[in-house]
Amino acid sequence: MPRYEVAEDLSEGVKDLSRARQSLIEEFEAMMFYDERADATKDKDLRSVMEHNRDDEKEHAVLLMEWIRRHDKKMDKELQEILFSKKEMKVLGD
Ligand SMILES: [Fe+2]
């Protein structure tokens, strides 16, 4: 899993965070694949299957986000401050 450092130099916590973050990237990538395939096909039934699969990936992504939130205090703080906020986007992150 390590991409820039040798595994022996990394803690188990960093390794697990990398595993979860890489998996999150892959869930979003899968959503993009299914979105494109659903959009491109002319077959209504195949589109339905693609959309169903894409939406399953959303649950997978959120489960990973929750695991990351529980294991990354700064990410937890950012999510608490930004997600579901009613503030305008331009003021978030200031
Ligand atoms: Fe998935």
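This structure is a prediction, so every number in the text was calculated from the model and none was measured.

Positive phi, normally seen in glycine, also occurs at Phe84, with a value near 65°. Look at Phe84 and you get exposed, because its relative accessible area is 75%.

For the iron ion, the protein coordination sphere consists of Glu27 (OE), Glu27 (OE), Glu57 (OE) and His60 (ND1), at 2.0 to 2.8 Å. We note that the donor set of the iron ion lies within a single chain, spaced as E-x29-E-x2-H. One end of the pair, Glu57, and the other, His60, are both in helix α2 (residues 44-71), three residues apart, so they sit about a helical turn from each other. We classify Glu57 as buried; its relative accessible area is 12%.

This part is about the pattern of salt bridges. A complete count under the given rule lists 12 salt bridges for this structure. Connected through shared salt-bridge partners, Asp35, Arg54, Asp55 and Lys58 make up one network.

What follows covers the nonpolar core. Leu17, Ala20, Leu24, Met31, Ala61, Leu64 and Ile68 form the largest nonpolar core, which has seven residues in total. Take this core: its biggest share by element is four residues, from helix α1 (residues 12-40). Excluding anything up to four places from it in sequence, Leu17 contacts Trp67, Ile68, His71 and Asp72.

Okay, the confidence of the model for the protein next. When pLDDT is averaged along the protein, the result is 95; 98% of the residues meet or exceed 70. At the low end of the mean pLDDT range in the protein sits helix α3 (residues 73-82), at 96; at the high end sits α2, at 98.

Rules used in this analysis
Residues numbered from 1 in each chain as written. Predicted model: local features only at pLDDT ≥ 70, side-chain atom pairs only at ≥ 80, totals over all residues. Heavy atoms only, no water. Buried < 20%, exposed > 50% of the residue type's maximum accessible area, 1.4 Å probe, protein only. Donors = N, O, S within 2.8 Å, 3.2 Å for Na, K, Ca; no water. Helix = DSSP H or I, 4+ residues; strand = E, 2+ residues; numbered from the N terminus. Salt bridge = Lys/Arg side-chain N within 4 Å of Asp/Glu carboxyl O. Core = buried A, V, L, I, M, F, W, Y, C linked by side-chain atoms within 4.5 Å. Contact = heavy atoms within 4.5 Å. pLDDT = per-residue confidence, 0-100.

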